[in-house]
Amino acid sequence: MIGIVYWTGTGNTEEMAKLIAEAAQAKGAEVKLMEVSDFDTATVKDYDVLALGCPAMGDEVLEESEFQPMWDEIKEELAGRKAALFGSYSWADGEWMENWDAEAKELGINLVTPSLPVYEAPEGESEDQCRQFGEALAQ
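Let us look at the structure shown here.

Cut-offs applied
Residues numbered from 1 in each chain as written. Predicted model: local features only at pLDDT ≥ 70, side-chain atom pairs only at ≥ 80, totals over all residues. Heavy atoms only, no water. Core = buried A, V, L, I, M, F, W, Y, C linked by side-chain atoms within 4.5 Å. Buried < 20%, exposed > 50% of the residue type's maximum accessible area, 1.4 Å probe, protein only. Helix = DSSP H or I, 4+ residues; strand = E, 2+ residues; numbered from the N terminus. 1 Å grid on protein atoms, 1.4 Å probe; cavity = no way out; pocket = protein on both sides within 12 Å on 5 of 7 lines; lining within 4 Å. Points joined across faces, edges and corners; volume = space filled by probe spheres on them. Nonpolar A, V, L, I, M, F, W, Y, C, P; charged D, E, K, R; others polar. Patch = residues over 30% accessible without salt bridge, like charges linked within 9 Å, V, L, I, M, F, W, Y side chains within 5 Å. Areas by Shrake-Rupley, 256 points an atom, 1.4 Å probe, with all protein chains shown as cover. Salt bridge = Lys/Arg side-chain N within 4 Å of Asp/Glu carboxyl O. Lys, Arg positive; Asp, Glu negative; His and termini not counted. Charge placed at Lys NZ, Arg CZ, Asp CG, Glu CD. Contact = heavy atoms within 4.5 Å. Arc of directions from axis to C-beta. Polar contact = N/O pair within 3.5 Å; in protein donor to acceptor, adjacent residues only side chain to side chain. Expected span 1.5 Å × (residues − 1). Axes fitted to C-alpha atoms, helices over the stretch in contact; angles between N-to-C directions. Parallel < 35°, antiparallel > 145°, perpendicular 65-115°, else oblique. Left-handed = near helix turned anticlockwise from the far one by under 90°. Phe/Tyr/Trp six-rings, centres within 6.5 Å; stacked < 30°, edge-to-face > 60°.

Turning our eyes to something else, we now look at the nonpolar core. Most often, soluble globular proteins keep nonpolar side chains buried together rather than apart. Counting 26 residues, the largest nonpolar core has Phe39, Leu52, Phe67, Trp71 and Trp100 as its most contacted members. The set of elements that each furnish at least two residues to this core consists of β3 (49-53), α2 (67-74), β4 (82-89) and α3 (95-106). Counting residues in hydrophobic clusters, the runner-up holds 20 residues, among them Leu19, Ile20, Ala24 and Ala51.

Turning next to the layout of surface pockets. A volume near 160 Å³ is recorded for the largest pocket. Lining the largest pocket are 14 residues, with Thr10, Pro55, Ala56, Ser88 and Ser90 sitting closest to its centre. When contributions to the lining of the largest pocket are tallied by element, the ones reaching two or more residues are α1 (12-26) and β4. In terms of residue class, the lining of the largest pocket is built from six nonpolar, seven polar and one charged.

Side chains of Asp40, Asp46, Glu73 and Glu77 sit close together on the surface and give a patch of like negative charge. Along the chain, glutamate 77 turns up in the loop between α2 and β4.

As a further point, take the environment of proline 117. Checked against the element boundaries, proline 117 lands in strand β6 (residues 116-119). Look at proline 117 and you get partly exposed, because its relative accessible area is 33%. Residues proline 117 and glycine 94 lie 23 residues apart in sequence; the distance between their C-alpha atoms is 6.8 Å. Filtering out sequence-adjacent residues up to four positions away, proline 117 remains in contact with Gly87, Tyr89, Trp96 and Met97.

Residue pairs spaced three or four apart in an α-helix point in one direction, given the helix's 3.6 residues per turn. When we look at burial in α2, the residues that qualify are Phe67, Met70, Trp71 and Ile74. With its buried residues spanning 100° around the axis, α2 presents them on a single face. Considering only its buried residues, α2 is in contact with β1 (2-6), β3 and α3.

Looking at the secondary structure, you find serine 115 in the loop between β5 (110-111) and β6. Engagement of the side chain of serine 115 in a polar contact is seen with the side chain of aspartate 101, the distance being 2.6 Å. Setting aside its immediate chain neighbours within four residues, serine 115 contacts Leu85, Met97 and Asp101.

Let us now look at α1. In a regular helix each residue adds 1.5 Å, so 15 residues correspond to 21 Å; α1 covers 21 Å between its end C-alpha atoms and thus fits that length. For α1, the complete set of buried residues consists of Asn12, Thr13, Met16, Ala17, Leu19, Ile20, Ala21, Ala23 and Ala24. Backbone geometry just after α1 places glycine 28 at a positive phi near 95°.

At their nearest, the axes of α1 and helix α4 (residues 125-138) sit 7 Å apart, and the two run at 50° to each other. Of the possible angle classes, the one that applies to α1 and α4 is oblique. Between α1 and α4 lies a crossing whose hand is right-handed. Seen from α1, the contacting residues are Met16, Leu19, Ile20, Ala23 and Ala24; seen from α4, they are Glu127, Cys130, Arg131, Phe133, Gly134, Glu135, Leu137 and Ala138. Residue composition of the contact of α1 with α4, by class: nine nonpolar, one polar and three charged.

Moving on, we come to the packing of aromatic side chains. Inspection of every chain in the model, using the stated rule, returns six aromatic pairs. For the pair phenylalanine 67 and tryptophan 100, a centre-to-centre distance of 5.5 Å together with 85° between the ring planes defines the contact as edge-to-face. Residue phenylalanine 67 is found in helix α2, and its partner tryptophan 100 is found in helix α3; the two are separated by 33 residues along the sequence. Take phenylalanine 67: its relative accessible area is 0%, and that puts it in the buried class. With a centroid separation of 5.8 Å and 90° between ring planes, the pair formed by tryptophan 71 and tryptophan 100 is classed as edge-to-face. One end of the pair, tryptophan 71, is in helix α2; the other, tryptophan 100, is in helix α3, and 29 residues separate them in sequence.

Okay, here's the thing in structure tokens:
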């Protein structure tokens, strides 16, 4: 089972999550798509892979009121487990994803596919990247 947990402000990361979920399901995977507010952190171990999506916020950081607390609660539990990171941004250069990716690797989280930052809303090539990301989760 693949869990896809995301936070969205403008809808861009939500659109990414939906494309990722559709692609994973098309490959035969069972997927549970949920906003961070609907995710029960006690269920982390119920998922074979957990894909986490959060846009860049503020000074290139994760969203601080819902997503960051959830990440802080589960990140130690993800050590040695399969996960993937994605999100959108609309300014700067994607440093938030580089930092998040580095933290996940330092914690020993097994990132099953390269992290996916998308500029603005997914369209064209970035839509394809979201689908490829979802297919990689399903393998």
